[in-house]
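These are the residues of each chain, in order.
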Amino acid sequence: MLLLAALAVWPAAGSGSGDGQSADQGAVQLAFLYNFTKFTEWPESAWAGRSEFELCILGEDPFGPALDDLHNRTVKDRPIHVSRPRSASALVKCHLVYVSPSEGWRTRQILQEIARAPILSVSAVDEFTGQGGMIRQFWENGRARFEINLKAAREGGLTLSSKLLELASRVLRE
Amino acid sequence: MRPAPAHRFVPPRRTGLASWTLWACVLLPAAPLPGAAAELSEMNLEQLMNVEITSAGKKSQKLSGVAAAVHVITQEDIRRSGATSIPEALRLAPGIQVARIDANKWAISARGFNGRFANKLLVLMDGRSVYTPTYAGVYWEVQDTVLEDVDRIEVIRGPGATVWGANAVNGVINIITKQADKTQGGEVSVGGGAPQRIFGSARYGFRLGDNTQARVYVKGFDHDRYRIRDRSDSRGSDAWNQQRGGFRIDHDSRDGEVATLQGDWYSGNLQQDLELAQLAAPYTSHLHDQVNVAGANLLGRWRKALELGNEVSLQAYYDHTVRNEGFLAERRDTFDLELQHRLTVGERQDLNWGLGYRYTRDHFGNTDFVQMGSGERGFHLFSGYLQDEISLIPDELRLTLGTKLEHNDFTGFEVQPSLRLAWTPNSHHALWAAVSRAVRTPSRADDSAQTHLLVLPPLSGPNPTGFPIAISPTHNRGLRAETLLGFELGYRFLPGSSLSLDAAAYYNDYDRLRTITAGPIFLRRSGNGLYVDQTLPFSNIESARSYGAELAVVWNPMPDWSLHAQYSYIAIDTAFSGPRFGSNLELDKISPPQQQWSLRSSWDLPEHLELDLWLRYVDRIQAGIPQPVRIDDYLTLDARLGWRPHPALDLSLVGQNLLDGAHPEFLMESGYQQRTLVEVPRGFYLKLNWRF
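Residues numbered from 1 in each chain as written. Chains lettered and ligands numbered in written order. Predicted model: local features only at pLDDT ≥ 70, side-chain atom pairs only at ≥ 80, totals over all residues. Heavy atoms only, no water.

A count of helices and strands for chain A gives six helices and 10 strands. Across the 174 residues of chain A, 57% fall into the buried class. A separation of at least 24 residues holds for 58% of the contacts in chain A among residues at least 6 apart in sequence. Surface accessibility of chain A: about 7300 Å² in total, with carbon and sulfur atoms responsible for 50%. (Helix = DSSP H or I, 4+ residues; strand = E, 2+ residues; numbered from the N terminus. Buried < 20%, exposed > 50% of the residue type's maximum accessible area, 1.4 Å probe, protein only. Contact = heavy atoms within 4.5 Å. Areas by Shrake-Rupley, 256 points an atom, 1.4 Å probe, with all protein chains shown as cover.)

Have a look at this one:
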């Protein structure tokens, strides 16, 4: 039981070594997602008859409890509704689609379903922008970065602000 | 040193006391908890781009809405545990009883019914069943791979037969290796110590094309003997060694099609000390046995996404195993084919169905100790399943119902339905309940084996006759499948990203369990003499009820410190509907450890050091046939000190079973007597891991 006592004392001992305080990857990714919406303009057609902002997640959800925080937030003055579409017909109702790495193997198929639709597509899947996705998230030295496929966004009728393009590590225009 | 981030995000610290208070308030509605998210989404993009991401190994907890008692052992868990084999790594899961019989054998089960021949736990490696139909159980000593290449081990306690099929009665273990694209480059591990004298593995991963990656590996070890209680037996040994190699190729078309081809080969030599009954004086034979094991397998899997929510997969494998033991020689070839299809129906339903076929052919070389009847037989298994997941309330209430229908050559058709309900009102709480039926189908040994458990010498002790009396468990062609009706309840609580709790409780009702009953007595001839043969046919006269609970808590008090606490409780009662033989057959009732708990601390220290401590307690048990032996409860400690002097180099020093010189954990149910009881000694090793 001496050992248990030693364990109990540890937090105090350990807190001195405060190197590398950091945030959970999923929570950071979600915060990025929320920020992307602030720099994106959807065409009027995307809002027709819609009172909520439809945030869709495809595949295994990496966000965890961070998602709860979206409940009392809005995008373009509309409350956020999180859904996990399971069919192509549900997918086209989204305003933003997040493609989880677990769906990486079928990315092209998903992107084909939403091509030229006013749906902001975001993913951390490799080559996501190369395949026609709009924003790819990636990590560089433990920090979050992103790149943009501007052509795909334009084809979907979305307008991305110049501020967003400035912060992007790379912008594909063609 | 890493550059200091411009903005350092500090998650709110919760004191231990506050966390315990949180647990006490589980019935209160989840208030919005102060957490990472609230502060993060207040930040603008520039600020976010300066937040440092937690290292991948320390992923924060997510709430699982799965309606089953699932525990996932991650690669990081395995690495930090110091485990050097898959069985040892399974100690990381709550409610799993892992008992080491000797240096090269384990008894592993969930929710009771443990033994070397534990037959109610189904185990798969990358989708390939390693449950042997010979005696119904797993030869754990030959289930291995490069541990660094294991992605995760999914441990499901409770019946999983609706999807996995027969013998997934008390649990399913899925050992899943990484995809080849996650193991690119080289990785070499070498280590040595005592009683593991030397071990090493080398893996190299490379690209085969734009969308195709591959890896190859070799692994080997040489393990010293443990301490055998009978000191007079100086030649007795359970030392062993094994060599293996393999490959895996993964192709990802990036267009909704993935394919995998993998294979392994192994061979090894293990020594064992057996105490076997024989008909001639001195009626028992002490065998110093040299066992040769070998095997190879090849598996192919193809998965195609037809459209969103609609995918099909096809898997085929071939498996070859050889075992030459002193009491039986065995060769087995298995071919398995499986088709699965998942599709969504409307907005509310996920439909899963599948078809399977398996053919297994065995070849036995009988000995004086065990006879398997006809030396060579083949068996067919046909199976199909249908499962529907219905969202009663989207993202909140989910009902899963389905059934498996199988046809096997021993008992014909078997139906294994289940009904599961999961309620996830928010991302902090999940509640689930399940009712399921599962069966354990007879093994080849149940059907055909003939052996003498014990031979009582003439005119001695309980034998007043002038002939030796053989006590002979006897096969039964008419044996039926053992059945389970299981009721489960589970609760998961995730107050924040740094604390999670997972609890499960169950009530299991078993019927038609296999045991031995007093059968007819014969006077038989053996060699020049006569003996009395008391046959004990296998029969389905035992029933049992068990209940218990398992609890697992993960707490990260600080980003660089995590604690894992686990507890499990089980109670079993058995009843017999016919004449059983002897009083010792209440083994199922007296053998499980009533309580098990563990506490594991993983601490990241400055200067790239890691300190891990793992304390485990296992209650007393009784084990062994014909006369169960009491095995005391034990408390033990493993410790690991890791050091990463260079990003590509890891050194670790591990001490195992540190709290005593040696302790026994189990006694095998046959072929072993008290004399051959083996104690698991204190051990240590030093390991070097280099990546390039």
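Continuing now.
Turning to the sheet that holds strand β8 (residues 150-157) of chain B, a few remarks are in order. Residue and element names in this part refer to chain B. Pairing is mixed across the open sheet formed by five strands, whose spatial order is β1-β8-β9-β4-β5. Both outer strands of the open sheet, β1 (69-74) and β5 (128-129), are each paired with one neighbouring strand and no more. Both β8 and strand β9 (residues 171-177) contribute to a ladder of seven bridges, which runs antiparallel. In the sheet register, Val155 faces β9, and the bridge partner there is Ile173. (Pairing = 2+ DSSP bridges.)

Time to look at the state of the cysteines. All names here are of chain A. Enumeration over the complete set of coordinates arrives at one disulfide over all chains. For Cys56, the disulfide goes to Cys94, at an S-S distance of 2.0 Å. For the disulfide bridge between Cys56 and Cys94, the dihedral angle about the S-S bond is near -100 degrees, and by the sign convention the bridge is left-handed. Here the residue Cys56 occupies a position in strand β2 (residues 53-58), and Cys94 occupies one in the loop between α3 (88-91) and β5 (96-99), the gap between them amounting to 38 residues. The exposure classification of Cys56 matches that of Cys94, with both residues buried. (Disulfide = S-S within 2.5 Å.)

Glancing now at the sheet that holds strand β10 (residues 170-172) of chain A. Residue and element names in this part refer to chain A. In spatial order, the strands read β3-β4-β2-β5-β6-β7-β8-β10; together these eight strands make up an open sheet with mixed pairing. Edge positions in the sheet fall to β3 (74-75) and β10, since each has one partner strand and no second. As judged from the two bridges shared by β3 and strand β4 (residues 78-83), these two strands associate in the antiparallel manner. Across the sheet, Val75 pairs through a bridge with Arg78, a residue of β4. Together, β2, β3, β4, β5, β6 (120-123), β7 (135-140) and β8 (143-149) form the strand contacts of helix α2 (residues 25-38), whose direction differs from that of β7 by roughly 140 degrees. (Axes fitted to C-alpha atoms, helices over the stretch in contact; angles between N-to-C directions.)

Counting through the fold element by element, Ser591 of chain B comes out in the loop between α8 (587-590) and β33 (595-605). Not counting residues within four places of it along the chain, the set of residues in contact with Ser591 of chain B comprises Ile621 and Gln622 of chain B.

Let's shift gears to empty space enclosed by the protein. All names here are of chain B. Taken as a whole and judged by the stated rule, the model has 11 cavities of 30 Å³ or more. In this structure, the second largest cavity spans a volume of roughly 160 Å³. Those elements giving two or more residues to the lining of the second largest cavity turn out to be β2 (96-102), β32 (561-576), β33 and β34 (609-618). Residue composition of the lining of the second largest cavity, grouped by class: nine nonpolar, five polar and two charged. (1 Å grid on protein atoms, 1.4 Å probe; cavity = no way out; pocket = protein on both sides within 12 Å on 5 of 7 lines; lining within 4 Å. Points joined across faces, edges and corners; volume = space filled by probe spheres on them. Nonpolar A, V, L, I, M, F, W, Y, C, P; charged D, E, K, R; others polar.)

For the rest of this paragraph, the subject is the confidence of the model for chain B. Residues and elements named next belong to chain B. Summary statistics for chain B give a mean pLDDT of 88 and a share of 91% for residues scoring 70 or more. Per-residue pLDDT stays below 50 along residues 1-38; that stretch engages in 63 contacts with residues further than four places along the chain or on separate chains. Model confidence for the complex is summarised by a pTM of 0.89, with the ipTM given as 0.79. (pLDDT = per-residue confidence, 0-100.)

Looking now at the nonpolar core. Residues and elements named next belong to chain B. With 50 residues, the main nonpolar core has Leu90, Trp140, Ile153 and Ile173 as its most contacted residues. With five residues, strand β4 (residues 121-125) is the largest single contributor of residues to this core. When neighbours within four sequence positions are excluded, Trp140 is seen to be in contact with Ile86, Pro87, Leu90, Trp106, Ile108, Leu121, Val123 and Ile173. (Core = buried A, V, L, I, M, F, W, Y, C linked by side-chain atoms within 4.5 Å.)

This part covers the confidence of the model for chain A. In the predicted model, chain A carries a mean pLDDT of 82, and the fraction of residues at 70 or more is 87%. In the predicted structure, residues 1-21 of chain A sits below a pLDDT of 50 and forms 34 contacts with residues beyond four places in sequence or in another chain.

The next thing to look at is the pairing of β2 of chain A. Residue and element names in this part refer to chain A. Within β2, six of the six residues are buried, leaving the element largely enclosed by the surrounding structure. Burial along β2 is two-sided: the face carrying Phe53, Leu55 and Ile57 and the face carrying Glu54, Cys56 and Leu58 are both buried. The pairing of β2 with β4 spans four bridges and is classified as parallel. In the sheet register, Leu55 faces β4, and the bridge partner there is Val82. Summarising the sheet, β2 and β5 pair through four bridges and their orientation is parallel. Note on β5: the bridge partner recorded for Leu58 is Val99.

Now for the pairing of strand β3 (residues 105-110) of chain B. All names here are of chain B. Within β3, six of the six residues are buried, which leaves the element mostly enclosed by the surrounding structure. With burial as the criterion, each face of β3 is covered, one bearing Lys105, Ala107 and Ser109 and the other bearing Trp106, Ile108 and Ala110. Bridge count between β2 and β3: six bridges; the pairing is antiparallel. By the bridge assignment, Arg100 is partnered in β3 with Trp106.

Right, let's get into unusual backbone geometry. Residue and element names in this part refer to chain B. In the segment running from Ala194 into Pro195, the intervening peptide bond is cis, with an omega of -5 degrees. Positive phi values are uncommon outside glycine, yet Phe113 reaches one of about 60 degrees. Structurally, Phe113 is set in the loop between β3 and β4.

Along the chain, the position of Ser427 of chain B falls in the loop between β23 (412-423) and β24 (429-440). A relative accessible area of 15% means that Ser427 of chain B is categorised as buried. Sequence spacing of Ser427 of chain B and Ser562 of chain B is 135 residues, and the spatial spacing of their C-alpha atoms is 21 Å. Excluding residues that lie within four positions of it along the chain, Ser427 of chain B makes contacts with Pro65 and Asp68 of chain A together with Leu63 and Leu494 of chain B.

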